[in-house]
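A structural walkthrough
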Amino acid sequence: MATFAKPENALKRAEELINVGQKQSALQALHDLITSKRYRAWQKTLEKIMMKYVELCVDMRKGRFAKDGLIQYRIVCQQVNVSSLEEVIKHFLHLSTEKAEQARSQAQALEDALDVDDLEADQRPEDLMLSYVSGEKGKERSDRELVTPWFKFLWETYRTVLEILRNNSKLEALYAMTAHRAFQFCKQYKRTTEFRRLCEIIRNHLANLNKYRDQRDRPDLSAPESLQLYLDVRFEQLKIATELSLWQEAFRSIEDIHGLMCMVKKTPKPSLMVIYYAKLTEIFWVSDSHLYHAYAWFKLFTLQKSYNKNLTQKDLQLIASSVLLAALSVTPYDHTHGASHLDLENEKERNLKMAGLIGFSLDPKRDSREVLSRSALISELASKGVMTCVSQEVKDIYHLLEHESLQLDLASKVQPLFSKISKIGGKLTSASSVPEVQLSQYVPALEKLATLRILQQVSQVYQTMNIDMLSKMIPFSDFSAVEKISVDAAKYNFVAMKIDHSRSCIHFGNMDFESDRLRDHLTVLAESLNKVRGLIHPPTKKASKPDTYILGLADVVDKEHKRLLARKSIIEKRKEEHERQMLEMEREEESKRLKQQKITEEAEAKRLASEYTRREEQRIRREIEERELQEAQALLLETEKRGKKKGKRPIIEGEKLTKQSLIELHISEQLKERQEMEKKLQKLAKTMDYMERARREEEVALIADAYRLRLREEEILHEREQRREIELSRQHHAGDLEQKNRLARMWDNKGIFQNGIVQRREAEFRRLNEEREARINEVITARKQDRLKRRKLLFYLRSEEERLTRLREEEELRKREEEERRKKEEAEHRAKLDEIAAIQRQRERELEEKDRLRREALLARSSEPSRPVEPVARPPDSAPASGVYVPRFRRGDRTESPGSGPAAPPEPDRWGRRDDRRPSSNRPASDRWR
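For clarity, every value in this text was computed on a predicted model and none was experimentally measured.

Parameters and conventions
- Along every chain, residues carry numbers that run from 1 in the direction the sequence is written.
- At least 70 in pLDDT is required for a residue's local features to be given in this predicted model, at least 80 for side-chain atom pairs to be given and counted, and no such filter applies to totals for whole chains, interfaces and linings, which use all residues.
- Excluded from the side-chain calculation are hydrogens and water; included are all heavy atoms of the structure.
- Only DSSP runs of H or I covering at least 4 residues are called helices, and only runs of E covering at least 2 are called strands; the numbering of each starts at the N terminus.
- Working definition of accessibility: Shrake-Rupley area with a 1.4 Å probe, residue cover restricted to the visible protein chains.
- UniProt positions are given in the numbering used here, feature names are shortened, and annotations may be inferred rather than shown by experiment.
- Two strands are said to pair when DSSP picks up at least two bridges between them.
- Whenever a helix is involved, its axis is fitted only over the stretch in contact; in every case the axis is a line through C-alpha atoms, and angles between N-to-C directions fall within 0 to 180 degrees.
- For classification, angles of less than 35 degrees are called roughly parallel, those exceeding 145 degrees roughly antiparallel, those between 65 and 115 degrees roughly perpendicular, and all remaining angles oblique.
- Rotating anticlockwise by less than a right angle from the far helix to the near helix defines a left-handed crossing, while the corresponding clockwise rotation defines a right-handed one.
- Contacts are residue-level and defined by heavy atoms, with any inter-residue pair within 4.5 Å sufficient.
- Any residue that is not Ala, Val, Leu, Ile, Met, Phe, Trp, Tyr, Cys, Pro, Asp, Glu, Lys or Arg is counted as polar, Gly included; the first ten are nonpolar and the last four charged.
- Between the rings of Phe, Tyr and Trp (Trp by its six-membered ring), a pair exists once the centres lie within 6.5 Å; its type follows the angle of the planes, with under 30 degrees stacked, over 60 edge-to-face, and the other angles tilted.
- The rule is simple: take the accessible area with a 1.4 Å probe, protein chains only, and divide by the maximum for that residue type; under 20% is buried, over 50% is exposed, in between is partly exposed.
- Placement of a charge over a ring requires the Lys NZ or Arg CZ to be within 6 Å of the ring centre, with the centre-to-atom vector within 35 degrees of the ring normal.
- Among the buried residues, those of types Ala, Val, Leu, Ile, Met, Phe, Trp, Tyr and Cys that are joined through side-chain atoms within 4.5 Å form a nonpolar core.
- Disulfide assignment relies on a single distance test, namely cysteine sulfur atoms paired within 2.5 Å.
- Counting of polar contacts relies on pairs of N or O atoms within 3.5 Å, with two restrictions inside protein: one atom must be capable of donating a hydrogen and the other of accepting it, and residues adjacent in sequence are counted only when both atoms are side-chain atoms.
- For this analysis, a salt bridge means a side-chain nitrogen from Lys or Arg found within 4 Å of a carboxyl oxygen belonging to Asp or Glu.
- Multiplying one less than the number of residues by 1.5 Å gives the expected span of a helix.

Re the overall build of the chain
The helix and strand tally for the chain stands at 28 helices and 5 strands. Summed over its atoms, the accessible surface of the chain is roughly 65,900 Å², and 53% of this surface lies on carbon and sulfur atoms.

Laid out in structure tokens, this is it:
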């Protein structure tokens, strides 16, 4: 870990590393600085460092490093300068989004330039090979290689920022902005899975906000600004969920908004409530909850009429018509008919929950079916004056289906009205929050209601009716649809009827259905078995007390009901406790996962180093073992050969015996034992063979007798079975003839029905074939045009690429010529330097030769016999006086006698040339001082 005296030094060091291409080292240096406890005081330089740090993280897609750095920087800036953290996070989001957009644009451009649908067009060999091997198209590969990694990093960026900014009162606006951008990301690229995770993340943040109320810098939801930001995020979540058709997530968003309103006990602005109820209408319509859909429309109508001052009469009429048609679309019978007690309790809770979402307050003690019902809604619409705002066609439909006496020609009266209202609708000009209103979506439900009313009237007038006659009375529906509607109506006791397809008629009135008999079948069986048990074991008679039993039964029922309610509350509490425990466990697991990840990375690095060392040791050990094995095998072979030559069992000395040699010796011993055992088994098998042969010789006669007896029995059995089969065949033939005669009268009807179906299918096939050929011709024409455009673009790209290649080759040729010229000049310069060096070496050799010759002359002169030299009188001034310093090399001249040794050499020239060579032992003493 590098340490810096000042943060500026770390920034300079990082820039230097970036310039030489070592981005990872630069990122690690900045990360060590940011996570260090030494720099906990905010300063402007830290902001610059963070800007550079997030740029490196984005370039290298290091999300974990970015998260760690931002968390540390938040600790530094939280109490001093929060705006600096905001600027860094905005810069981080901007860079991530820009990189993702660049990758997407690059992949799109690559796809437009290289994607060719025609197989006869030119394609690159690598593209063809990849498409055949992987089964993917070019766009899928380019998205996986270019776009997907950046989209993953952008999604990780949004999650990181939301996690850092969660439950922080000083950064609420930035949190809301990040959530909006994440929602737009999911909407733009259709990321449904990420959208669900994002909703769950935001939901957990709000849950933690309510759970940890003593947290510092916790947002105050009672403040209008905070509440508005949280509501805006939830409403944006609701809009995106409906646009992506994630209706379950949209309903959970509705529950989040309602829970937030109940938490703060404040009603949002009417404009937001309009969006709330508008989305509720869509959700309930998709889920086929027509009753709640109608109530949501009624609340939307009330809000628009009360608060929208710009609402025109035409828009009001369209909204009122939608409210009334939504109310009429509700089926006129109760779906809880015949339900169990538990189902009724669940339905009651569901009604209470839905009423809370819609905005109706219900009394839990009263039956919710009496409050939220079709009749109550229609009467409330009449009392609130909705009927006066609807269009005339809708009003006529309402009077025909609800108030007027039902007539048999009801279908002929309402069908023109259905055609008129199917053309009414459009976008509301004065209510931008309300989606586009189309009354045509209610036509199928109104046709079902008209069918039910006709069936209700026919059941009162007729007792039996032909199916064809009923089909003519209901012209806007097939009889299969009418049959399905009538089955539901009979199931919920709205109409009592029975369809007899064998006679092509319909029976009306109360009658026992086959399903009723089947439903009570087990009950009847249980009662019968109970009676049989009573007859076999009659019970002892006791004095009966009916009143006591009845009172006790009421108490038991009351206690059972209370027990069920208490059990339900206990289950809810356990669910809440389980959810709380799961949240805590997830948080703990996340922290453990991060720690474990860090530990794992360190352990992985150590493991790789130890693994490398271990492999080297294994390699060396393996080589040693192989060498030892070869030596042991050679020794064993040599010993065996020696033993065979002598005619004795080979004996191996243990001084050089290895483990492998011992194993081989043991195997040879086992092999010998196995051979001996096989010899014994062969002898035993021979004995058993003799015994078996004798036994078979004795049983030959017995087998022949048993075979003859079995043959006689099988002949008798065959004759009996043949007679029985002939009798059964005669009976089956007679029954088949009777069945054929009975079904022969249906042959003509079967042919007519079959011909009708075949003709209708042939006409439909011809129509679909013509449409397919027309579409194929259009597609062929469009593809030809696209192919021509792509070929032109490809030709232009290839020409441009060839031009650039030619320019690049010319530039490379020029550089190569310059490099060759430079190398030639360098070679000439080196040759000149080598020549000068050779001359210098020649001169040095000549000097050395001269020096050698001079030394040899001196040596020759010193080897000649010494000549007598006349003593030279010392000048009187040169004699040293007493007490004067005399050098060491002159002290010896004074101690020697005049005739004891050779004369002293002459004094060397003090101003001669100095020689650094080492003096020879044969030289005179004066030469050592040169």
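A look at the UniProt feature "coiled-coil region" (unreviewed entry) in the chain
Under the local residue numbering, the UniProt record ascribes the feature "coiled-coil region" (unreviewed entry) to residues 93–120, 561–642 and 667–697. For residues 667–697, helix accounts for 100% and strand for 0%, while the C-alpha atoms at its two ends are 45 Å apart.

Here's the deal with the sheet that holds strand 3 (residues 464–466)
Read from one edge of the open sheet, 3 strands run 3-5-4, paired in antiparallel fashion. Of all the strands in the sheet, the pair left with one neighbour each is strand 3 and strand 4 (497–500). Sheet twist, expressed as the average angle between the axes of neighbouring strands with direction ignored, equals 20°. Across 3 bridges, strand 3 lies against strand 5 (residues 505–508) in antiparallel orientation. When the bridges of strand 5 are listed, M465 appears paired with I506.

Some remarks on the packing of helix 11 (residues 247–264) against helix 15 (residues 341–358)
Where helix 11 contacts helix 15, the axes come no closer than 10 Å and their chain directions differ by 70°. Taken together, the axes of helix 11 and helix 15 are roughly perpendicular relative to one another. Between helix 11 and helix 15 lies a crossing of left-handed hand. From helix 11, F251, I254, E255 and H258 reach across to helix 15, where they touch K353, M354, G356 and L357. Looking at the contact of helix 11 with helix 15 residue by residue, the class counts come to 4 nonpolar, 2 polar and 2 charged.

Some thoughts on the packing of aromatic side chains
Per the stated rule, a full pass over the model turns up 11 aromatic pairs. Ring centres 6.4 Å apart and planes at 80° place the aromatic pair F92 and F153 in the edge-to-face group. One end of the pair, F92, is in helix 5 (residues 82–114); the other, F153, is in helix 7 (residues 138–165), and 61 residues separate them in sequence. Judged by its relative accessible area of 3%, F153 is buried. A ring pair is formed by F418 and F476, whose centres lie 6.2 Å apart and whose planes are at 70°; its orientation type is edge-to-face. Of the two residues, F418 sits in helix 19 (residues 410–421) while F476 sits in the loop between helix 21 (467–473) and helix 22 (479–491), which places them 58 residues apart along the sequence. Through a chain of ring-to-ring contacts, the aromatic side chains of F151, Y158, F185 and Y189 assemble into a single cluster. Note that R61 overlies the ring of W150, its terminal NZ or CZ placed 4.9 Å from the centroid.

Here's the deal with the nonpolar core
Core analysis: the largest hydrophobic core is formed by 166 residues, its most contacted members being F183, F195, Y276, L328 and L381. Dropping the residues within four chain positions of it, F183 is found in contact with F195, L198, C199, I202, V233, E236, Q237 and I240.

Remarks on the state of the cysteines
One pass over the full model with this rule turns up 0 disulfides. In this model C186 remains outside any disulfide bridge; the closest cysteine sulfur is found in C199, 7.8 Å from its own. When its relative accessible area of 0% is taken as the criterion, C186 is described as buried.

Section: the environment of E604
Looking at where E604 falls in the secondary structure, it is placed in helix 25 (residues 546–646). Residue E604 is classed as partly exposed on the basis of its relative accessible area, which comes to 34%. Within the structure, the side chain of E604 is placed 2.5 Å from the side chain of R607, a separation counted as a polar contact.

Comments concerning unusual backbone geometry
The phi angle of most residues is negative, glycine excepted, and most peptide bonds adopt the trans form. Positioned with a positive phi, S245 is a non-glycine residue whose angle comes to about 60°. Residue placement: S245 occurs in the loop between helix 10 (224–243) and helix 11. The exposure class of S245 is partly exposed, given its relative accessible area of 45%. One non-glycine residue, S504, lies in the positive phi region at around 55°. Relative to the helices and strands, S504 is located in the loop between strand 4 and strand 5. Judged by relative accessible area, S504 falls into the partly exposed class, the value being 37%.

Section: the pairing of strand 5
Working note: regular strand, side chains alternate between the two faces of the sheet. As defined by bridge partners, strand 4 adjoins strand 5 across 4 bridges and the pair is classed as antiparallel. Looking at the pairing, K498 lines up with H507 of strand 5. Turn length for the strand 4-strand 5 hairpin, with the two strands adjacent in sequence and antiparallel, is 4 residues, and the turn residue S504 shows positive phi of about 55°.

A closer look at the environment of V330
As for its position among the elements, V330 is in the loop between helix 14 (313–328) and helix 15. Residue class for V330 comes out buried when judged on its relative accessible area of 8%. On a C-alpha basis, the gap between V330 and A445 in space is 7.7 Å, while along the polypeptide they are 115 residues apart. When residues no more than four places from it in sequence are discounted, the contact partners of V330 are H290, L291 and R374.

Quick notes on the side chain of E172
Among the secondary structure elements, E172 is positioned in helix 8 (residues 172–188). Accessibility expressed as a relative area gives 12% for E172, which makes it buried. At 2.8 Å, the side chain of E172 forms a polar contact with the side chain of S226. Not counting the four nearest positions on each side in its chain, E172 is found in contact with P219, D220, S226, L229 and Y230.

Focus: the pattern of salt bridges
The full count for this structure, using the stated rule, is 41 salt bridges. As a salt-bridge pair, R580 and E577 come within 2.1 Å of each other at their nearest N and O atoms. With a gap of 3 residues between them, R580 and E577 both fall in helix 25, about one helical turn apart. On the basis of relative accessibility, which here comes to 33%, the residue E577 falls in the partly exposed class. Linking E692 and R695 is a salt bridge whose minimum nitrogen-to-oxygen distance equals 2.2 Å. Pair noted here: E692 and R695 are both in helix 26 (residues 659–743), with a separation of 3 residues, about one helical turn.

Looking at the packing of helix 14 against helix 17 (residues 374–383)
Helix-helix packing: each pair is described by the crossing angle between the helix axes and the interaxial distance. At a closest axis distance of 10 Å, the pairing of helix 14 and helix 17 adopts a crossing angle of 155°. Relative to helix 17, helix 14 is oriented roughly antiparallel. Crossing of helix 14 against helix 17: the hand is left-handed. Between helix 14 and helix 17, the contacting residues are V323, L324, A327 and L328 on the first element and R374, L377, I378 and L381 on the second. By residue class, the composition of the contact of helix 14 with helix 17 is 7 nonpolar, no polar and 1 charged.

Regarding helix 1 (residues 7–19)
In a regular helix each residue adds 1.5 Å, so 13 residues correspond to 18 Å; helix 1 covers 19 Å between its end C-alpha atoms and thus fits that length. On its buried face, helix 1 is in contact with helix 2 (23–35) and helix 3 (44–60). Backbone geometry just downstream of helix 1 places G21 in the positive-phi region, at approximately 85°.

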